[in-house]
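# Coordinates in review
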Amino acid sequence: MKPDTKSEKTTEDYLEAMLVIKQKNGYVRSIDVAQYLGVTKPSVTYTTKRLKEKGYIVMDKDNYISITDSGMEIAEKILDRHNTLTAFFISIGVDKETAKEDACKIEHDISAETFNALCKYIDKNKTN
């Protein structure tokens, strides 16, 4: 396992959460991220500082968070993986909550090759 895997997962989790919150509320605040992820406000403060340093987010004078293009690329990729995996697990009989939890675990570690193959499998086996 790579030494920065935990940091990468945290980055992906936060950016995904910010995207979901933005889609739901139209805006993102640190408190919303803390509530969504079930973490403390200081944890969000620490991580948003790191995300700003990496150029993934910006914060305005009122502390509203915006995702940059590079951050959005990551957020959309992880959210797509999450939604695709969740739907697949539900389609094979896994209950919704377990499917969501398992998708969250797998979305960070699944290779692009395996994810793409899964998407092709899903497309090929769709019943319309």
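Preceding this paragraph is the structure being described.
Residues numbered from 1 in each chain as written. Predicted model: local features only at pLDDT ≥ 70, side-chain atom pairs only at ≥ 80, totals over all residues. Heavy atoms only, no water.

Per the secondary structure count, the protein chain includes 6 helices and 2 strands. Overall, the protein chain shows an N-to-C arrangement of helices and strands of α-α-α-β-β-α-α-α. A principal-axis box enclosing the C-alpha atoms of the protein chain has dimensions of 50 × 30 × 25 Å. Classification of the 128 residues of the protein chain by burial places 34% in the buried group. Sequence-distant contacts in the protein chain: of pairs separated by 6 or more residues, those separated by 24 or more amount to 55%. About 8,300 Å² of surface is accessible on the protein chain, with carbon and sulfur atoms providing 52% of the total. If the 20 positive side-chain charges of the protein chain are averaged to one point and the 21 negative ones to another, these points end up 3 Å apart. (Helix = DSSP H or I, 4+ residues; strand = E, 2+ residues; numbered from the N terminus. Buried < 20%, exposed > 50% of the residue type's maximum accessible area, 1.4 Å probe, protein only. Contact = heavy atoms within 4.5 Å. Areas by Shrake-Rupley, 256 points an atom, 1.4 Å probe, with all protein chains shown as cover. Lys, Arg positive; Asp, Glu negative; His and termini not counted. Charge placed at Lys NZ, Arg CZ, Asp CG, Glu CD.)

Another aspect to go through is the packing of aromatic side chains. For any pair of aromatic rings, the description consists of the separation of the ring centres together with the inter-plane angle of the planes. Scanning the model with the defined rule gives 3 aromatic pairs in all. Centroid distance Tyr27 to Tyr64: 5.8 Å. Interplanar angle 85 degrees. Geometry classified as edge-to-face. On the criterion of sequence distance, the pair formed by Tyr27 in the loop between helix H1 (5-25) and helix H2 (30-37) and Tyr64 in the loop between strand S1 (57-59) and strand S2 (65-67) is long-range, its members being 37 residues apart. We classify Tyr27 as partly exposed; its relative accessible area is 35%. Tyr64 sits in the partly exposed class, given a relative accessible area of 34%. For the ring pair Phe88 and Tyr121, a centre distance of 6.4 Å and an interplane angle of 85 degrees mean the geometry is edge-to-face. Of this pair, Phe88 sits in helix H4 (residues 69-91) while Tyr121 sits in helix H6 (residues 112-124); the two residues are 33 residues apart in sequence, bridging distant segments of the chain. (Phe/Tyr/Trp six-rings, centres within 6.5 Å; stacked < 30°, edge-to-face > 60°.)

Looking now at the environment of Thr48. Tracing the backbone shows Thr48 in helix H3 (residues 41-53). Residue classification places Thr48 among the buried residues on the basis of a relative accessible area of 4%. A sequence separation of 40 residues divides Thr48 from Phe88, and the C-alpha atoms of the two residues are 32 Å apart.

Further remarks concern unusual backbone geometry. One non-glycine residue, Asn63, lies in positive phi territory at about 65 degrees. Looking at where Asn63 falls in the secondary structure, it is placed in the loop between S1 and S2.

Okay, the nonpolar core next. Residues Leu15, Met18, Val33, Leu51 and Ile57 are the most contacted members of the largest nonpolar core, which totals 17 residues. Among the elements of the structure, H1, H2, H3, S2 and H4 are those that each provide at least two residues to this core. Looking at this core, the element that brings in the most residues is H1, giving 6 residues. Filtering out sequence-adjacent residues up to four positions away, Leu51 remains in contact with Thr11, Tyr14, Leu15, Met18, Tyr56 and Ile57. Counting 8 residues, the second largest nonpolar core, distinct from the first, contains Phe89, Ala99, Ile110 and Leu118. (Core = buried A, V, L, I, M, F, W, Y, C linked by side-chain atoms within 4.5 Å.)

By themselves, these observations are geometric and do not establish any function.
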